[in-house]
Structures are given as structure tokens and as C-alpha cells.
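Here is what each chain is made of, one letter per residue.
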Amino acid sequence: METLARMIRESQYTVVLTGAGVSTGSGIPDFRGPKGLWKQVDPMDALSVAAFYRDPKAFYDFYFHMLSEFANAKPNPAHLAIAKLEEAGFVKTVITQNIDELHQKAGSKKVLEVHGTTFAGYCLDCKKESPLAYSTEIPRCSCGGIIRPKVVLFGDGMPDAYFKAEEEAHKADLVLVVGSSLTVSPACYLPLRAKEMAIINLEPTPFDSRAIFVSHEKAEEELPRLLQCLDLAG
Ligand code: NAD
Ligand code: ZN
């Protein structure tokens, strides 16, 4: 951890890239994890453009179940530590693949959601954006059109936030990857744009050999240790 702390002190521009592993400590399972939410469904199908158009009611039944789990979740020490790193000026931007808004709940200010958010949608007819909250009905716009989620579904293109994330990664001296298997394309290639990368992920990733720091410990335990090394604990 001292090594990572030194790298962060020396870096002029550090960006954090997070994945589902940063939220497992908040009770939201990752795709590859053993339990919960994703057990009942194949996320590649349930969260696909095809599933949405095939049967919007069935799509939203699962979607709102997922949304209510996210809405009830609280940020864990990993999210809080990342927010503190930003507040202290050590981190410029948080790029997240997550759609649970836990970074914002933890106090992170500059968050790029490269896979969108569960809590908003837009009308298929008039394109107006609306917040999404739990419902047993298919959500509809004031114009009567069906609302689709702002989540990047399997089969969608990448949103503006992703292209901003590319620019941020390109500017960075250091990308700190937290809780991502680095297997979901194209987000997994973002760290390659920076000068250096560091990885905190429970399991090995395909990019471990390119990283100048790798930890296979839990993010919610490692990041508070990092704060201590940077005299930011407490
Ligand atoms: P992933 O499921 O592919 O990988 C998560 C990684 O996190 C795994 O390699 C695992 O070893 C690691 N991990 C699990 N718990 C950890 C912990 N406590 N500390 C450190 N590492 C831990 O996740 P991904 O790479 O983010 O990609 C999956 C896709 O699924 C993403 O696109 C994301 O949008 C979506 N997703 C989002 C959420 C969410 O919003 N919370 C949850 C599940 C999946
Ligand atoms: Zn509308």
C-alpha cells in the first residue's frame, strides 16, 4: 500500500475506474459472483435491447427488482475512500461501469457513468428524460410514450460519458482500477490509455502483468489502508 500511496502522491492526474467489485461490499453481487440478483437471470439477456423490445413488462419486472436493491444499498468503505481521495485532490475523476449511483451517494463529485444509470430513462417517442423509480407498471412519459432506461443495455452503443472517459484516461498519469474483472469491452481498455495502471481486484485480471501495482484483496479493506498511508484516515 505504501507503494500505491507513493504513486498517487507522485501522479499529477489520477483517475479511478471501478466495476461491480467496488459494490459487493454494499451487498450488490457482481456478475461473476456466486449469489443473489443475477442468479435468477442471465444479465446479458435480461439487460439487453432485445429483451426490452421483446417484452417490456417482463423486462421492467426484473429491472425494478434490480433498481430497488440498488436504491436500498449504502456506500461501503471503498466508495467512501474514493470520494475522500477526490476531496483531497488526489483523484480527478471516477469512471464507473456501475449503474447503482453508490459513488454519488458516497460524495464523489466528478463521476462518469460509462454504462449509464438505473435511476433515469428517456421517452422513446419525444426523448424527454425522466427519473425512474420503482413501479409495477411499464413507465410512461407525459406524452404517452414508453420510457426506456438510461442504462447501456447489451446491444446499445456507448454514451457520451464513455468518450469523456476516454479523454480522462488519456490525460491520466495513473488509472487505479478497483473491483473490475477488466473483461467488459470497451471499458476494459480505458486503463491502457493512461501512462500507468494499478489494480485492486479480488481475482487476477488479464491486465495484471501490465500494472505497476496489483492487489488481490477486498477493495473495502485495501482503500481505507491507502487512506491511512496518505494521512487521510479518520
Ligand atoms: P465483473 O462482475 O465482471 O467483475 C467484478 C470483479 O470484482 C471480479 O473480478 C471480482 O473478483 C471483483 N471483486 C468482487 N468483490 C470484490 C471486492 N470486495 N473487492 C475487490 N474486488 C472484488 O464486473 P465488471 O468488470 O464491473 O463488469 C460487469 C458489468 O456488469 C459492468 O458493465 C457493470 O456495469 C455491470 N454490473 C454493475 C453492477 C452495479 O452497478 N453494482 C453490478 C453487477 C454488474
Ligand atoms: Zn415523451
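Data block above holds the structure.
What counts and how
Residues numbered from 1 in each chain as written. Chains lettered and ligands numbered in written order. Predicted model: local features only at pLDDT ≥ 70, side-chain atom pairs only at ≥ 80, totals over all residues. Heavy atoms only, no water. Salt bridge = Lys/Arg side-chain N within 4 Å of Asp/Glu carboxyl O. Helix = DSSP H or I, 4+ residues; strand = E, 2+ residues; numbered from the N terminus. Buried < 20%, exposed > 50% of the residue type's maximum accessible area, 1.4 Å probe, protein only. Pairing = 2+ DSSP bridges. Axes fitted to C-alpha atoms, helices over the stretch in contact; angles between N-to-C directions. Contact = heavy atoms within 4.5 Å.

This brings us to the pattern of salt bridges. Applying the stated rule across the entire model yields 10 salt bridges. Taking the shortest distance from any N to any O, the salt bridge between glutamate 168 and lysine 171 comes out at 3.1 Å. A residue pair is termed a helical-turn pair when its members lie 3 or 4 positions apart in one helix, as glutamate 168 and lysine 171 do in helix H7 (residues 160–171) at 3 residues. By relative accessible area, glutamate 168 is classed as buried at 6%. Among the salt bridges present, the one from aspartate 173 reaches lysine 195, with a minimum N-O distance of 3.0 Å. Here the residue aspartate 173 occupies a position in the loop between H7 and strand S7 (174–178), and lysine 195 occupies one in the loop between S7 and strand S8 (196–200), the gap between them amounting to 22 residues. Taking relative accessible area as the criterion, lysine 195 reaches 63% and is therefore assigned exposed.

Pairing is parallel across the open sheet formed by 6 strands, whose spatial order is S3-S2-S1-S7-S8-S9. Two strands lie at the open edges of the sheet, namely strand S3 (111–113) and strand S9 (213–215), each paired on one side alone. Mean inter-strand twist for the sheet, computed between neighbouring axes without regard to direction, equals 20 degrees. Running at roughly 140 degrees to S7, helix H1 (residues 2–10) makes contact with strand S1 (14–18), S7, S8 and S9 of the sheet. Running over the sheet, helix H8 (residues 219–229) touches S7, S8 and S9 and is turned about 140 degrees from S7.

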